[in-house]
Amino acid sequence: MSEYDYDLFVMGVGSGGVRAARMSATYGARVATAEDKYLGGTCVNVGCVPKKLFVYASHFAEDYHHAEGFGWQKAAPEFDWPTLIGNKNTEIKRLNGVYKGLLDSAGVTHFDGRARIVDAHHVSVNDQVISTESILIATGGWPTVPEFPGSEHVITSNEAFFLDELPGRSLVVGGGYIAVEFAGIFAGLGVESHLSYRGPLFLRNFDQSVRQAVAEELAKKNINLHFDSNVERVEKNADGSFKVTFKEGNELETDLVMYATGRKPSVADIGLENVNVETRSNGAIIVDDEFRTSEANIFALGDVIDRIQLTPVAIKEAMVFAQTQYLNQPTTMDYEDIATAVFCQPNIGTVGLTEAEAREQYEEIDIYLSTFKAMKHSLSGSEEKSLMKIIVDRKSDRVIGVHMVGAEAGEIVQGIGIAVKAGATKAIFDATVGIHPTTAEEFVTMREPIAN
Ligand SMILES: Cc1cc2nc3c(=O)[nH]c(=O)nc-3n(C[C@H](O)[C@H](O)[C@H](O)COP(=O)(O)OP(=O)(O)OC[C@H]3O[C@@H](n4cnc5c(N)ncnc54)[C@H](O)[C@@H]3O)c2cc1C
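Remember, predicted model here, so these are calculated numbers, not experimental data.

How would you explain the site of the ligand if you had to name every residue and give the values?
Around the ligand, the structure places 36 residues, and the nearest of them are Gly-16, Glu-35, Thr-42, Lys-51 and Asp-303. In the environment of the ligand, an oxygen atom lies 2.6 Å from a nitrogen or oxygen atom belonging to the side chain of Glu-35. Separating a nitrogen atom of the ligand from a backbone N or O atom of Asp-36 is a distance of 3.1 Å. Coverage of the ligand by the protein amounts to 96% of the 990 Å² it exposes when considered alone. Among the secondary structure elements, those contributing two or more residues to the shell around the ligand are helix 1 (15–26), strand 2 (31–35), helix 2 (41–46), helix 3 (48–67), helix 6 (177–188) and helix 8 (311–326). Split into classes, the residues belonging to the shell around the ligand amount to 14 nonpolar, 15 polar and seven charged.

The structure is reproduced here in structure tokens:
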């Protein structure tokens, strides 16, 4: 019989925590969890899920418009924001229940409340102290807003999911994927949408062709892009709207300012001062290949370790952790060739290296690039262009990067991601017979490199 109440105590029931708890319990560990806010964490409550529902909602305006070219006259009905928010909240409540059910059926004991580390083998929740052999910190991340005059007036994505009213005008500040997604959501829902980014072009870590194509497409959709743009202050007007003054001298009147300028690991007030857990300067917990911190029985994974902040990454890290610790199958996390999507409109799908990274790492590469109007837009009246790019290591013929901007790019590149992970060569792409007529078939019909 163990001297501890539990073998594992998991702090935070988000994407990583719930999977680690469930699998560790399934492999025989006695597991307890604590959750401070919402079961399912960021992804389910204020991240991927409500975001994608909003993206779907915002796409209908364009779909109704496009439908007219196919004979559907006067197709656009009115949009009702409270209906969207209400239906979204109902769905998320259902998912919260699903997560509770997953923990219950795995035999995990769950505590509602904030967990704090008391010492290496004790955690407190609501004044109850629980002993545990190991602790897993899966507390995720939290949006950051820089301090500046008027910063108290701005919201983050957390609040954007619960707005009482849809604003008439919006300004999103930031250049990452959350910023471009929300600028698109607002524009699609009929809001006058502005995006301000301090650098010359947003989506810094993406392939240059993708970044340029997305900037062009968003501009076509009436999103006002302000690059090399820095907010100096935000003032609240008497009517509740805001005046934004930029360091460059220009001003903007808007009804909402949303900052999407990054997320920091959630390590405040979790009791780290009581143990020997090392962190990086931004608070990210430092772990080894087993997700073990500098305190031998304390582990951490997901956004709180700040490697790649994506739900499937947190889930995979949790699988690796549970298999290694409780199934006696030592496994390490493979961070190579992780496919990902950005749900701006049109979407981005990407896997592997950007052209710039490939040029640094390989002696000779071939670039295949195709930009075209998808078949649907021959009648829709839309000027939207799709972009597809393949990067090949000429020596081995291996496909080392695939990038797409276009409808359903995330769905398409998920499949291509398997081929890239399997080490497919360009010859295998060429030998693959396409599915016609699709946009995706372009990936197997590009024959002539445009550059090397
Ligand atoms: C707007 C937005 C959109 C996103 N879209 C995508 C997407 O499309 N695709 C994608 O893959 N990823 C997306 N992400 C990222 C994704 O949500 C995160 O990478 C993922 O949720 C990380 O999982 P996690 O388990 O590390 O942390 P989280 O899911 O954040 O879970 C951490 C949990 O710990 C809880 N907690 C914190 N401190 C304590 C404590 N002391 N005691 C108890 N509980 C505590 C928190 O309340 C939270 O529920 C998005 C994120 C945001 C913000």
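How would you sum up the pairing of strand 9 (residues 192–196)? Please name residues and give values.
In terms of residue burial, strand 9 counts as a mostly covered element, since four of its five residues are buried. Relative to strand 9, strand 8 (residues 169–173) runs parallel, the two being bridged by five bridges. Within strand 9, the residue paired with Val-173 across the bridge is Ser-196. As for the winding sense of the linkage, the β-α-β connection from strand 8 through helix 6 to strand 9 is right-handed. Where strand 9 meets strand 10 (residues 224–226), three bridges bridge the pair, whose relative direction is parallel. Its bridge partner lying in strand 10, Ser-196 is registered against His-226.

About the cut-offs
- Residues numbered from 1 in each chain as written.
- Predicted model: local features only at pLDDT ≥ 70, side-chain atom pairs only at ≥ 80, totals over all residues.
- Heavy atoms only, no water.
- Near = heavy atom within 4 Å.
- Polar contact = N/O pair within 3.5 Å; in protein donor to acceptor, adjacent residues only side chain to side chain.
- Areas by Shrake-Rupley, 256 points an atom, 1.4 Å probe, with all protein chains shown as cover.
- Helix = DSSP H or I, 4+ residues; strand = E, 2+ residues; numbered from the N terminus.
- Nonpolar A, V, L, I, M, F, W, Y, C, P; charged D, E, K, R; others polar.
- Buried < 20%, exposed > 50% of the residue type's maximum accessible area, 1.4 Å probe, protein only.
- Pairing = 2+ DSSP bridges.
- Right-handed = clockwise from strand over helix to strand, strands pointing away.

Just geometry here; none of it tells us what the structure is for.
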